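Spelled out from the first residue to the last, the chains are:
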Amino acid sequence: MVEPISLDPVDSLTITTLVDNVSDLLLVDEGPAKRAPLDLSAYPRTAARVLEGGETGDLLRAEHGFSCLVAITKAERTIRVLFDAGVSPDGMVENMRRLGLSPRDIDIIVLSHGHWDHTTGMDGLVGELGRTQVPVLIHPEFWSRRRLALPGRDPIELPSTSRRALEGAGFEIVEQQQPSFLLDGSLLVTGEVDRTTEFERGFPVHQSYRQGGWQPDPLILDDQALVASVRGRGLVVLTGCGHSGIVNILRYVRKLTGEERIHAVVGGFHLSGPLFEKIIEPTCEALGGFSADYLVPCHCTGWRAIHALAASFPEAFIQNTVGTRFEFAA
């Protein structure tokens, strides 16, 4: 039995989407979601010989990956946490440049798990920062070699993050399986998530290389989430891919914190493709029990699941896009 851990509330929390699968300049502000500017003059300039004037705005990139910059303010102190880093070497830092954000303002990095579509952008960060001692929080299984063993196809090995490269760049690597806290007990990194639902069974074709051979690894135990309690509002939960299962994650967060109210859930719910579409319905049904004020499915949630969530929770659902900034405050 885990005793609930008191999570000290924060005054405000802002999540800026640096990398996601979708870009849409035509979305308008909606509740806590503040959209990237439509005005092309707000962006850095880039050459375009076919246009009158020879240039245009250098717009935000969308890519199959995920990254957010999280700013947490408590008692007039603000820390900035980079949560994941996207799939291309320079996509994250280039989007930061377009949004007028500086990588040098990052205080801490949390990587949700070891898959390359959440870690490769660390390359561009090293290019911007040079040698740095910024802490990087990960689960011990983050470094595992992985592959997808799809029926009827040769296995596809996924790129792995190099420990030598990150340590060589000076990052302070912090490996933690259990929950850990930042900002004087106000920001929770869940660590390994309890698996308690009957339907969130993990990624059946996922394997890891262990003890000299490839072995089934459906649970992807390094999957972890970031959690804060906004004063008077409730918990804000940020996931990467949500390989643990979004319902498992929310159950575990409630168990860890003793806090029932869920203010917002932002991130990947991993319900894309035929292996996961069969659990969209029970996921929506279970999410109804949390009564979240806002649901923001991103990245690997999938088209069918996003539409099901929008239909099931029309008041709570908000579409995400690269450059959207979510502002949650007391």
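What comes next concerns the included structure.

What counts, and where the lines are drawn
- For every chain, the first residue of the written sequence is number 1, and numbering continues from 1 along that sequence.
- Per-residue local features of the predicted model are confined to residues with pLDDT of at least 70, and side-chain atom pairs are confined, for both listing and counting, to 80 or more; whole-chain, interface and lining totals are unaffected and use all residues.
- Side-chain metrics rest on all non-hydrogen atoms present in the structure, leaving aside hydrogens and water.
- We call Phe, Tyr and Trp rings a pair once their centres come within 6.5 Å, taking the six-membered ring for Trp, and we label the pair stacked below 30 degrees between planes, edge-to-face above 60, and tilted otherwise.
- Residue exposure (1.4 Å probe, protein chains only): buried if accessible area is under 20% of the type maximum, exposed if over 50%, otherwise partly exposed.
- By definition here, charges over rings are those cases where NZ of Lys or CZ of Arg is within 6 Å of the ring centre and within 35 degrees of the ring normal.
- Following DSSP output, two strands are said to pair if at least two bridges run between them.
- To qualify as a helix, a DSSP run of H or I must reach at least 4 residues; to qualify as a strand, a run of E must reach at least 2; elements of each kind are numbered from the N terminus.
- Buried Ala, Val, Leu, Ile, Met, Phe, Trp, Tyr and Cys residues that are joined via side-chain atoms within 4.5 Å together make up what is termed a nonpolar core.
- We call two residues contacting when some pair of their heavy atoms lies within 4.5 Å.
- Side-chain atoms alone can form a polar contact between residues adjacent in sequence; in general such a contact is a pair of N or O atoms within 3.5 Å, and within protein one must be able to donate a hydrogen while the other accepts it.
- Only the stretch in contact is used when fitting a helix axis, every axis being a line fitted to C-alpha atoms; angles between N-to-C directions are given from 0 to 180 degrees.
- Handedness of a crossing follows from how the near helix is turned relative to the far one, being left-handed for an anticlockwise turn of less than a right angle and right-handed for a clockwise one.
- Note that Gly is not counted as nonpolar here; it falls among the polar residues with everything else outside the nonpolar set of Ala, Val, Leu, Ile, Met, Phe, Trp, Tyr, Cys and Pro and the charged set of Asp, Glu, Lys and Arg.
- Each salt bridge in this description consists of a side-chain nitrogen of Lys or Arg and a carboxyl oxygen of Asp or Glu lying within 4 Å of one another.
- Any angle between 65 and 115 degrees counts as roughly perpendicular, while under 35 counts as roughly parallel, over 145 as roughly antiparallel, and the rest as oblique.
- This arc corresponds to the set of directions leading from the helix axis out to the C-beta atoms.

Bringing the packing of aromatic side chains into the picture now. In this structure the tally under the stated criterion is 5 aromatic pairs. Here the aromatic rings of F326 and F328 are separated by 6.4 Å at their centres, their planes lie at 5°, and the arrangement is stacked. For F328, a relative accessible area of 2% gives the class buried. Cluster of aromatic residues (ring-pair linked, three or more members): Y294, F326 and F328. Sitting over the face of the ring of Y209, R145 holds its NZ or CZ atom 4.5 Å from the ring centroid.

Where strand β9 (residues 146–148) lies against strand β14 (residues 206–210), 3 bridges are found, and the strand directions are antiparallel. Following the sheet pairing, R146 is matched in β14 by S208. For β14 and strand β15 (residues 213–216), the ladder comprises 4 bridges, and the chain directions are antiparallel. In the strand pairing of β15, R210 is matched with G213. Hairpin connection from β14 to β15: 2 residues lie between these consecutive antiparallel strands, with Q211 at a positive phi of about 50°.

Grouped together as the largest cluster of nonpolar side chains are 35 residues, with contacts concentrated most on V227, L235, V237, V265, F269, L287 and F313. Of all the elements in the fold, those that place two or more residues in this core are β17 (234–239), α4 (246–257), β18 (262–268), α6 (280–287) and α7 (303–312). When residues in this core are grouped by element, the largest group, 7 residues, is from α4. Leave out the neighbours within four places in its chain, and V265 touches V237, I246, L250, A292, Y294, L295 and V296. By size, the runner-up hydrophobic cluster in this structure holds 30 residues, among which are I72, L137, V189 and A264.

Our next topic: the side chain of H299. Position of H299 relative to the elements: it lies in the loop between β19 (294–298) and α7. Side-chain polar atoms of H299 contact the side chain of N21, separated by 2.9 Å. A polar contact of 3.2 Å, which involves the side chain of H299, links it to the side chain of H118. Discounting residues that sit within four places of it in the chain, H299 has contacts with D20, N21, H64, G65, F66, D117, H118, G240 and C241.

Think of two packed helices as two axes; the pair is described by the angle between the axes and how far apart they sit. Where α6 meets α7, the closest approach of the two axes is 10 Å, and the angle between their N-to-C directions is 35°. Considering how the two elements wind past one another, α6 and α7 form a crossing that is right-handed. Along its contact with α6, which presents I280, C284 and L287, the element α7 presents R304, A305, A308, L309 and S312. Its residues placed into classes, the contact of α6 with α7 shows 6 nonpolar, 1 polar and 1 charged.

Time to look at the sheet that holds strand β1 (residues 12–19). Judged by pairing direction, the sheet is mixed, and its 8 strands sit side by side in the order β2-β20-β1-β5-β6-β7-β8-β11 without closing on themselves. Looking at strand neighbours, the two that pair on one side only are β2 (33–34) and β11 (172–175), the edges of this open sheet. In this structure, strand β6 (residues 77–83) lies alongside strand β7 (residues 108–110), joined through 3 bridges in parallel fashion. When the sheet's bridge partners are listed, L82 is paired in β7 with I109. In the packing of helix α1 (residues 91–98) onto the sheet, the strands contacted are β1, β5 (67–74) and β6, and the crossing angle to β1 comes to about 120°.

Bringing the pattern of salt bridges into the picture now. Following the criterion strictly, the structure yields 22 salt bridges and no others. In this structure, E94 and R97 form a salt bridge, with 2.9 Å as the shortest nitrogen-oxygen distance. Here R97 and E94 lie together in helix α1, a separation of 3 residues that amounts to about one turn. Here R97 falls in the partly exposed class, since its relative accessible area comes to 40%. A salt bridge links R210 to E141; the shortest N-O distance between them is 2.9 Å. Taken together, the positions of R210 in strand β14 and E141 in the loop between β8 (135–138) and β9 put the pair 69 residues apart, joining distant regions of the chain. Among the charged side chains, a salt-bridge network with shared partners connects E141, R146, R210, D217 and D222.

So, on to the packing of α4 against α6. The interhelical angle for the contact between α4 and α6, taken along N-to-C directions, is 25°, at an axis separation of 9 Å. Between α4 and α6, the interaxial angle falls into the category roughly parallel. α4 and α6 meet at a crossing whose hand is left-handed. Of α6, the residues touching α4 (which contributes I246, V247 and L250) are T283, A286 and L287.

Note: α-helices contain 3.6 residues per turn, so residues at a spacing of three or four share the same orientation. Of the residues making up α6, those classed as buried are I280, T283, C284 and L287. Projected onto a plane normal to the axis of α6, the buried residues spread over an arc of 95° and lie on a single side. Opposite the packed face of α6, turned more than 90 degrees from it, sit the exposed residues E281 and E285. Residues of α6 that are buried in the fold lie against α4, α5 (274–277) and α7.

By themselves, these figures tell us nothing about what the structure is for.
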